[in-house]
Amino acid sequence: MSSHPTHRPPTPANVEIPHDPGRLPMTLPLLAEKQRLGEPIVMVTAYDYPSARAAEAAGCDLVLVGDSAATTVLGYTATTPVRLEDMLVLAAAARRGLRTPLLIGDLPFGSYEISDEQAVTTAVRMVREAGCDAVKLEGGGPAPVSRARAIAGAGIPVMGHVGLTPQSSTALGGWKAQGRTARAAAQIGAQALALQDAGCFALVFEAIPAAVTEELVSRVEVPVIGIGAGPATDGQVLVFHDLLGIRDGLGPRFVKRYASLQQEMNAGVAAYAEDVRTRRYPGPEHVYKIDPAELEELRVLLTAADRSCS
Ligand code: KIV
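Scope of this entry: the structure provided in the associated data block. Every value quoted in this text rests on a predicted model; they were computed, and no experiment measured them.

Moving on to the pattern of salt bridges. Summed over the entire model, instances satisfying the criterion amount to 14 salt bridges. For the salt bridge of D61 with K34, the shortest nitrogen-to-oxygen distance reads 3.2 Å. Residue D61 is located in the loop between α2 (49–57) and β2 (62–65), and its partner K34 is located in helix α1 (residues 28–37); the two are separated by 27 residues in the primary sequence. The exposure class of D61 is buried, given its relative accessible area of 7%.

Pasting the structure below:
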């Protein structure tokens, strides 16, 4: 056996995910209990193993593999192009980085609109192939409510999403706040109640005036998680790339930025590129060694091989 240390990359099987050993895995009854106790529910998006590990280490309650992956990690300008197959790969990677948060997989555009049967089939794939605990769908009209009812009826926990629903942003007039007239706000309230009635275990309120949220949440029994919906909700969700500054530009006004990782990544890769160009990398500490006697023998072998070729 070689005396040289083996270079084995860390894998999910041999890497310890930093976590609080005392923390219980999140369940729907635990979530309802948090809401009852008035403890803020923390939700964040994740799209892969490292982002999921960060959510786990922070003790987040809910992790959403959002279809925002289309823009954050796949480089599209809208959420509609992301495919179910993409979401399954991303959600399975996030699953491998999680122990305790409830993992929710977003149903992408085109994977649930056609029929209740299509919605249940897609939800089953998210659970069985990616290991999601629950799924989320957008919209509160008759069709999404029917899909939510069918998924819940199949025994899969389902989360609703009202207000700004990016999959239908064109119909909503763009990426802008919703519910800014009394009638529109009342309609969001009616949609929230219909989704709750259909069996949703929780709801996302996105881009809704804070005062409207305040009026509506007291009428909803299930936990409401807000994004750009003010402080009155039971919890908050932000997109991983927005809160860590892994994007160009500032993003929507509701985003609070906790780091500037895109700048750090750019600076790190630029420093590496500069090191390679100026031959500062690799240094002596980055190279593997060989026994001098073995090296000498190699030279003899190579010289003999050179001679036999000429
Ligand atoms: O796709 C997503 O990231 C979402 C959140 C913004 C709630 O739906």
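Let us keep going from here.
This brings us to the site of the ligand. If you check the shell around the ligand, you find T45, L64, G66, D67, S68, D106, K136, H161, E206, I227 and V239 and nothing else. In this structure, an oxygen atom belonging to the ligand sits 2.9 Å away from a side-chain N or O atom of D67. One nitrogen or oxygen atom from the side chain of S68 is found 2.5 Å from an oxygen atom belonging to the ligand. With respect to the detected pockets, the ligand is housed in the largest pocket. Of the residues belonging to the shell around the ligand, the class tally is three nonpolar, four polar and four charged.

Okay, the packing of helix α5 (residues 116–128) against helix α6 (residues 142–153) next. Between α5 and α6, the shortest axis-to-axis distance is 9 Å and the interhelical angle comes to 50°. In terms of their interaxial angle, α5 and α6 are classed as oblique. In this structure, the crossing between α5 and α6 has a hand that is right-handed. Here D116, A119, V120 and A123 of α5 lie close against α6, whose contacting residues are S146, R147, A150 and I151. Class assignment for the residues of the contact of α5 with α6 results in five nonpolar, one polar and two charged.

Looking now at the layout of surface pockets. The gaps left among the atoms become clear once a water-sized probe is rolled over them. Taken as a whole, the largest pocket holds about 1,100 Å³ of empty space. For the largest pocket, the lining is made up of 50 residues, of which E206, I227, D242, P252 and F254 are closest to its centre. Mapped onto the lining of the largest pocket, the elements with two or more residues apiece are β1 (41–45), α3 (69–72), β6 (202–206), β7 (224–227), β8 (235–238) and α10 (240–243). It is β1 that provides the largest number of residues to the lining of the largest pocket, a total of four residues. Residues belonging to the lining of the largest pocket are distributed by class as follows: 26 nonpolar, 13 polar and 11 charged.

Cut-offs applied
Residues numbered from 1 in each chain as written. Predicted model: local features only at pLDDT ≥ 70, side-chain atom pairs only at ≥ 80, totals over all residues. Heavy atoms only, no water. Salt bridge = Lys/Arg side-chain N within 4 Å of Asp/Glu carboxyl O. Helix = DSSP H or I, 4+ residues; strand = E, 2+ residues; numbered from the N terminus. Buried < 20%, exposed > 50% of the residue type's maximum accessible area, 1.4 Å probe, protein only. Near = heavy atom within 4 Å. Polar contact = N/O pair within 3.5 Å; in protein donor to acceptor, adjacent residues only side chain to side chain. 1 Å grid on protein atoms, 1.4 Å probe; cavity = no way out; pocket = protein on both sides within 12 Å on 5 of 7 lines; lining within 4 Å. Sits in = over half its atoms within 2 Å of the grid points. Nonpolar A, V, L, I, M, F, W, Y, C, P; charged D, E, K, R; others polar. Axes fitted to C-alpha atoms, helices over the stretch in contact; angles between N-to-C directions. Parallel < 35°, antiparallel > 145°, perpendicular 65-115°, else oblique. Left-handed = near helix turned anticlockwise from the far one by under 90°. Contact = heavy atoms within 4.5 Å. Points joined across faces, edges and corners; volume = space filled by probe spheres on them.

That is the geometry; function is a separate question.
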